Amino acid sequence: MNWNGAEDAGLPAASLPPPPPLEWKFSQVFGERTAGEEVQEVDIISAIEFDKSGDHLATGDRGGRVVLFERADVRDRGSRRDLERQDYSISRHPEFRYKTEFQSHEPEFDYLKSLEIEEKINKIRWCQTANGALFLLSTNDKTIKLWKVHEKKVKRISKMNMDDSQAIGNGSIASSSANSPRAYLPNGGCSERPYNHLSSDFLFPPGGFPSLHLPVVMCQETSLVARCRRIYAHAHDYHINSISNNSDGETFISADDLRINLWNLEISNQSFNIVDVKPANMEDLTEVITSAEFHPTHCNMLAYSSSKGSIRLIDLRQSALCDNHFKLFEEHEAPVPKSFFTEIIASISDIKFAKDGRHILSRDYMTLKLWDINMDSGPVATFQIHEYLRPKLCDLYENDSIFDKFECCLSGDGLRVATGSYNNLFRVFGCVPESTEATTLEASKNPMRRHVQNPARPARSLGSLTRVVRRGEATGVDANGNSYDFTTKLLHLAWHPTENSIACAAANSLYMYYA
Amino acid sequence: MAMIDEPLYPIAILIDELKNEDIQLRLNSIRRLSTIARALGEERTRKELIPFLSENNDDDDEVLLAMAEELGVFIPYVGGVEYAHVLLPPLETLCTVEETCVRDKAVESLCRIGAQMKENDLVDWFVPLVKRLAAGEWFTARVSSCGLFHIAYSSAPDHLKTELRSIYGQLCQDDMPMVRRAAATNLGKFAATVEPSHLKTEIMSIFEDLTQDDQDSVRLLAVEGCAALGKLLEPQDCVTHILPVIVNFSQDKSWRVRYMVANQLYELCEAVGPEPTRADLVPAYVRLLRDNEAEVRIAAAGKVTKFCRILSPQLAIQHILPCVKELSSDSSQHVRSALASVIMGMAPVLGKDATIEQLLPIFLSLLKDEFPDVRLNIISKLDQVNQVIGIDLLSQSLLPAIVELAEDRHWRVRLAIIEYIPLLASQLGVGFFDDKLGALCMQWLEDKVFSIRDAAANNLKRLAEEFGPEWAMQHIIPQVLDKINNPHYLYRMTILHAISLLAPVMGADITCQKLLPVVIASSKDRVPNIKFNVAKVLQSLVPILDQSVVESTIRPCLVELSEDPDVDVRYFASQALQACDQVMMPS
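So, how was this worked out
Residues numbered from 1 in each chain as written. Chains lettered and ligands numbered in written order. Predicted model: local features only at pLDDT ≥ 70, side-chain atom pairs only at ≥ 80, totals over all residues. Heavy atoms only, no water. UniProt positions renumbered as here; feature names shortened; annotations may be inferred. Disulfide = S-S within 2.5 Å. Buried < 20%, exposed > 50% of the residue type's maximum accessible area, 1.4 Å probe, protein only. Helix = DSSP H or I, 4+ residues; strand = E, 2+ residues; numbered from the N terminus. Contact = heavy atoms within 4.5 Å. Buried area = accessible area lost by both parts, 1.4 Å probe. Salt bridge = Lys/Arg side-chain N within 4 Å of Asp/Glu carboxyl O. Polar contact = N/O pair within 3.5 Å; in protein donor to acceptor, adjacent residues only side chain to side chain. Nonpolar A, V, L, I, M, F, W, Y, C, P; charged D, E, K, R; others polar. Patch = residues over 30% accessible without salt bridge, like charges linked within 9 Å, V, L, I, M, F, W, Y side chains within 5 Å. Areas by Shrake-Rupley, 256 points an atom, 1.4 Å probe, with all protein chains shown as cover. Expected span 1.5 Å × (residues − 1). Bend = angle between axes of the 7 residues up to and from the residue. pLDDT = per-residue confidence, 0-100. Phe/Tyr/Trp six-rings, centres within 6.5 Å; stacked < 30°, edge-to-face > 60°. Lys NZ or Arg CZ within 6 Å of the ring centre and 35° of its normal. Pairing = 2+ DSSP bridges. Axes fitted to C-alpha atoms, helices over the stretch in contact; angles between N-to-C directions. Core = buried A, V, L, I, M, F, W, Y, C linked by side-chain atoms within 4.5 Å.

As annotated in an unreviewed UniProt entry, chain B carries the name Serine/threonine-protein phosphatase 2A 65 kDa regulatory subunit A beta isoform and comes from Elaeis guineensis var. tenera. Recorded in UniProt under Sequence similarities (unreviewed entry), the annotation for chain B is "Belongs to the phosphatase 2A regulatory subunit A family."

You'll find chain A entered in an unreviewed UniProt entry as Serine/threonine-protein phosphatase 2A 55 kDa regulatory subunit B, with Elaeis guineensis var. tenera given as the organism. UniProt, in its Sequence similarities (unreviewed entry) section for chain A, records the words "Belongs to the phosphatase 2A regulatory subunit B family." UniProt lists a comment for chain A under the heading Function (unreviewed entry), and it reads "The B regulatory subunit may modulate substrate selectivity and catalytic activity, and may also direct the localization of the catalytic enzyme to a particular subcellular compartment."

(A) Quick look at the state of the cysteines. Residues and elements named next belong to chain A. Applying the stated criterion to the full structure yields 0 disulfides over all chains. Unpaired in this structure, Cys127 has its nearest cysteine sulfur neighbour in Cys228, at a distance of 12 Å. Residue Cys127 is classed as buried on the basis of its relative accessible area, which comes to 13%.

(B) Up close: the environment of Leu399 of chain B. All names here are of chain B. Here Leu399 shows up in helix H26 (residues 391-406). Exposure remark for Leu399: the relative accessible area of 16% places this residue in the buried category. Dropping the residues within four chain positions of it, Leu399 is found in contact with Phe432, Lys436 and Leu437.

(C) Region of the structure containing the interface of chain A and chain B. Listed per partner, the contact involves 66 residues of chain A and 67 residues of chain B. Summed over both sides, the interface of chain A with chain B buries roughly 6000 Å², with 52% coming from carbon and sulfur. Linking chain A with chain B are 8 salt bridges, by the criterion used here. Of the charged contacts in the structure, one is a salt bridge between Lys148 of chain A and Glu98 of chain B, with a shortest N-O distance of 2.1 Å. If you look at where chain A meets chain B, you find 20 residue pairs in polar contact (both at pLDDT 80 or more). Those elements giving two or more residues to the side of chain A that touches chain B turn out to be helix H1 (80-85), strand E10 (144-158) and strand E11 (216-232) of chain A. Top contributing element to the side of chain A that touches chain B by residue count: E10 of chain A, with 5 residues. Here the side of chain A that touches chain B is composed, by residue class, of 22 nonpolar, 24 polar and 20 charged.

(D) The arrangement of a nonpolar patch on the surface in detail. Where nonpolar side chains cluster on the molecular surface, the patch consists of Phe340, Tyr397 and Phe403 of chain A and spans about 320 Å² of accessible area. For Phe340 of chain A, the position within the fold is in the loop between strand E19 (327-329) and helix H2 (342-346).

(E) Highlighting the pattern of salt bridges. For the structure on display, the rule yields 58 salt bridges over all chains. The closest approach of N and O atoms between Glu32 of chain A and Lys445 of chain A, which form a salt bridge, is 3.2 Å. Here Glu32 of chain A, found in the loop between strand E1 (25-30) and strand E2 (45-50), pairs with Lys445 of chain A, found in the loop between strand E27 (438-442) and helix H4 (473-476); they are 413 residues apart in sequence, far enough to count as distant. For Lys445 of chain A, a relative accessible area of 47% corresponds to the partly exposed category. Two residues, Arg112 of chain B and Glu108 of chain B, come together in a salt bridge whose shortest N-O distance is 4.0 Å. A residue pair is termed a helical-turn pair when its members lie 3 or 4 positions apart in one helix, as Arg112 of chain B and Glu108 of chain B do in helix H8 (residues 100-116) at 4 residues. Several salt bridges converge on common partners, so that one network encompasses Lys148, Arg229 and Arg230 of chain A together with Asp61, Glu98 and Glu99 of chain B.

(F) Here's a closer look at helix H13 (residues 177-193) of chain B. Residues and elements named next belong to chain B. For H13, spanning 17 residues, the distance from its first C-alpha to its last is 25 Å, which sits close to the expected 24 Å at 1.5 Å a residue. Of all the bends in H13, the greatest measures close to 50° and is centred on Leu187. Extensive coverage of H13 is indicated by the burial of 13 of its 17 residues.

(G) Main features of the confidence of the model for chain A. Residue and element names in this part refer to chain A. The pLDDT averaged across chain A works out to 81; a share of 78% of its residues lies at or above 70. The model gives residues 1-10 a pLDDT under 50, and that stretch makes 20 contacts with residues more than four places away or in other chains. The model gives residues 164-196 a pLDDT under 50, and that stretch makes 58 contacts with residues more than four places away or in other chains.

(H) The packing of aromatic side chains, seen in detail. All told, the structure shown has 31 aromatic pairs over all chains when counted by the stated rule. Relative to Phe341 of chain A, the ring of Phe340 of chain A has its centre 5.1 Å away and its plane inclined at 75°; by these criteria the two rings are edge-to-face. Residue class for Phe340 of chain A comes out exposed when judged on its relative accessible area of 53%. A network of ring pairs unites the aromatic residues Phe26, Phe426, Tyr511 and Tyr513 of chain A as a single cluster. Sitting over the face of the ring of Tyr83 of chain B, Arg46 of chain B holds its NZ or CZ atom 3.6 Å from the ring centroid.

(I) Spatial organisation of the pairing of strand E3 (residues 56-61) of chain A. Residue and element names in this part refer to chain A. Of all 6 residues making up E3, 6 are buried, and the element is well covered by its neighbours. Residues of E3 alternate between two faces, with His56, Ala58 and Gly60 on one and Leu57, Thr59 and Asp61 on the opposite face, all of them buried. Here E2 pairs with E3 via 5 bridges, running antiparallel. Its bridge partner being in E3, Ile48 is matched across the sheet by Thr59. Once E2 ends, the chain turns through 5 residues before running back antiparallel as E3, passing Gly54 with a positive phi of about 80°. Bridge count for E3 against strand E4 (residues 65-71) is 5 bridges, and the pairing is antiparallel. By the bridge assignment for E4, His56 is matched with Glu70.

(J) Up close: the sheet that holds strand E12 (residues 242-245) of chain A. All names here are of chain A. Strand order in the open sheet made by the 4 strands is E12-E13-E14-E15, with antiparallel pairing throughout. Either end of the sheet is taken by a strand with one partner, and the two such strands are E12 and strand E15 (267-276). Adjacent strand axes in the sheet meet at a mean angle of 25° when their direction is disregarded. By the bridge criterion, 5 bridges tie strand E13 (residues 251-255) to strand E14 (residues 259-264) in an arrangement that is antiparallel. Bridge pairing in E14 links Ile253 to Leu262.

(K) Region of interest: unusual backbone geometry. Residues and elements named next belong to chain A. Notably, Asp400 is not glycine yet its phi reads approximately 70°, a positive angle. Examined against the element boundaries, Asp400 turns out to sit in the loop between helix H3 (393-398) and strand E24 (408-410). Accessibility expressed as a relative area gives 47% for Asp400, which makes it partly exposed. Backbone geometry at Ala507 places phi at a positive 50°, although glycine is not the residue there. Mapped onto the secondary structure, Ala507 falls in the loop between strand E29 (501-506) and strand E30 (509-514).

(L) Quick peek at the sheet that holds strand E23 (residues 381-384) of chain A. All names here are of chain A. In space, the 4 strands of this open sheet follow the order E20-E21-E22-E23, with antiparallel pairing throughout. Every interior strand has two partners, whereas the edge strands, strand E20 (350-353) and E23, have only one. Strand-to-strand twist in this sheet, taken as the mean axis angle between neighbours without regard to direction, amounts to 15°. Bridging between E20 and strand E21 (residues 359-363) involves 4 bridges; their strand directions are antiparallel. Among the inter-strand pairings, Lys352 is bridged to a residue of E21, identified as Leu361.

(M) Structural context of the nonpolar core. The biggest cluster of nonpolar side chains holds 243 residues, and the ones touching the most others in it are Phe126, Ile343, Trp444 and Ile554 of chain B. Of all hydrophobic cores here, the second largest spans 17 residues; its members include Phe426, Val428, Leu490 and Tyr513 of chain A.

What follows is the structure, encoded as structure tokens:
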């Protein structure tokens, strides 16, 4: 994979032959289920995100916890300044280890609206690293929080002025408050304590008092501490579905069903509404926002997707309220005759910008689509994910599976895309023209167990928009009806920013693969 | 571990609590760092306390912020200016933390210390610190460094100056937008210390790079740089270098940049001087007044008066006034509201004729605006209006607007207008007030919203103060007292409140003759809330009235109330009785 994305002018690697298909291998699993073990609802992973350098991975779960992993394969790290730019090369495939976890959100009850607010983490986004501390945003349905995770020195303090001579006899570890007369203070109002009051005629000798000395602090070890630095609350009437950081490093957006708000990371008590699709009369509501993301480099551009299958690109420079998009991407011709389900399955569940900022990947129920932001006539490529389900849409509607929100992701080099499906399967496609790569993998220790690499696929060219990608029919559906187990779905996955490595969530387990 | 003498206990505890687990106690110790330093003496402060603080800097932000602040004024405690450099290391580490307010405070303290340091000390200690921070691994250090160059630069020898300039240039091209923003923010300060020869070459090229930055957030900070740099340059250089940038910015793709131009316009005009302002900035300003984005028009509309003041009257009438006319019917209420708050200032600039002919219609249409904020903004600037167009013309158009606001659906609007009534009364005079506004003031006493009734009572008091007791006796007191028989007890309570406010203004006689009987009568009210409010009012009347009246009228009434079946009434009655006793005491 020595293809260089910077030379790309139109489609990814338009001039180069497609790279050979990747051979995926199992790398790691965290929280693997033993046979017959029941999954606890709170343990189900609901968000996965790599940081920009790819050295850290965060997962959020339905219990409101955030778990952090860090890269374990040792590398020569170079200077931190380089790390900020994240340009370095490495040879081995990434391996991660558990770093820490913390409780990000707790269940709440909104008494005004008589609503329960789940603690489930909807999205996690990493912010700029500073001083070796990690920063990330996590959100549930209503409240966004900024977390700082850093190494804190564990201190032992000794040699206090007041300890073993006069104090209340509490060993040598004076970090306890035993020797501070807190008990005398009803409200902790320390400044009013008579104890601290020196009489006004108290005289300091010019050389000070030799009997006084500073406590001695010894640091033996460090521990990881997560602290909530800011809480951005009370800005959303509906459920937050996305958060996204701006490339300017100081702002981010949060999107709910009808509105998108712009925040400054340092200011938690106000946000600006930049998109509002709420109609004057809620009965006129036909379309909701399903996902939103900032452009990776242009600070003024952001994209959001809708339940009608369209993606709108908006320019924050044009006006303060961005109700008018400057580009609209939607599929004009319906690939199949319209049915009751056409509109439901057109709903986009996730969009992602490619790293180059030129392409947008979108996921609807049945397909992945790749869009070029310079071409609004239609997607440059469409990939069918699980075409075998099309006859079963009725069942899927009845058990609500048709409303499952699958995420999608792109590789760092922009050559491949991936998304999840049912039966804990996920699919990887090459998105270079002429690429025939279409792999189905299972989130298990043996990803290729039932899913042989797909044989040749009809060559695709830019002109034809709708192409049925023939999947190996034998691979996906077991005759025993296993495939209709819609509870084992792989909704969340993330591609490592610089390497061919995918992290995906199967219920409570985090599987990692590399190629 | 030595025994501590008893008088030193407080200091010993203060020192120990630098490391207490309770953040409040740590904060308290840090806030009294100077006491600790004096107790240790200058030498041990330098050798022990300051290193101790340098090492223990992974505390909570509140503590770090306090530490950064205290260290800024710590020079006397380390032995004077020649030892000031020992304070730099702890502040240097505070410059790298990720919390912005701590970094800013550390930079501020460093600047304060640097400004006092001797020249060679600056070269030996301060300049290296700036260079270290500017080369910092994390962006936080580099951000902080930008705010220190102006201190370091002036005392540095030539070769170091060259280096500092080039480092600053690099910071302006840093990968991190945060660093470029800090560099843009501090460019003006730094440029002020740079020699004119370098200013025109190096600093201007740095500035030009910033003005073309991809990030809107950087470019919009460069707008402020325009004004700062413009003041440093020779007028002709300013016209060649700064003016084109301003004109470009006024047409920037990003509305936020244009907004900044609109906001800074006056400073920018000052920087380029009057002649270029007329030639080039008037068209730019007119464009901003007609911008597509309401936010930009709001900012521009708010500067109308200031801008017109630097223009000649003809130019203002010819170019600006037509835009003002358009803005007065702008689709955004916020634009109209911004315009309404400044438009009257234009009157002196335009002169009486142009004002009556051109400005008055705009003013009148804003006074009839459908949004209350707009009307309120006009009314709040009434003194300026009065001077220009005179009271007769004003009162004709003003009254309907006021009446409408006085009956506005939103109680906050009603509240706002009530607060202007005393001002209006003083400006319009008794005659006008009696005819038109008197009835309104009474009407508010019976508003549905408590805050309005409360404000109405206060308003009556302020009117009584303005026009005097005699006028109040005629125009306020009878009307107020009439309402004491309102069937609703909440309204009766308002009247009691109004009485207690009016009494001190009216004086003992009127209070005794007119107000007191009404209050006493209310003590027979069937609602306990009224009765205990009577007790409260009576208590407030005690200091005003003659002692004989207190004894003969108030006390018996309170005694009766103190035997009321209701516990609250009894409580307040006994409170009031105590107040009576206290007044009696001295005699």
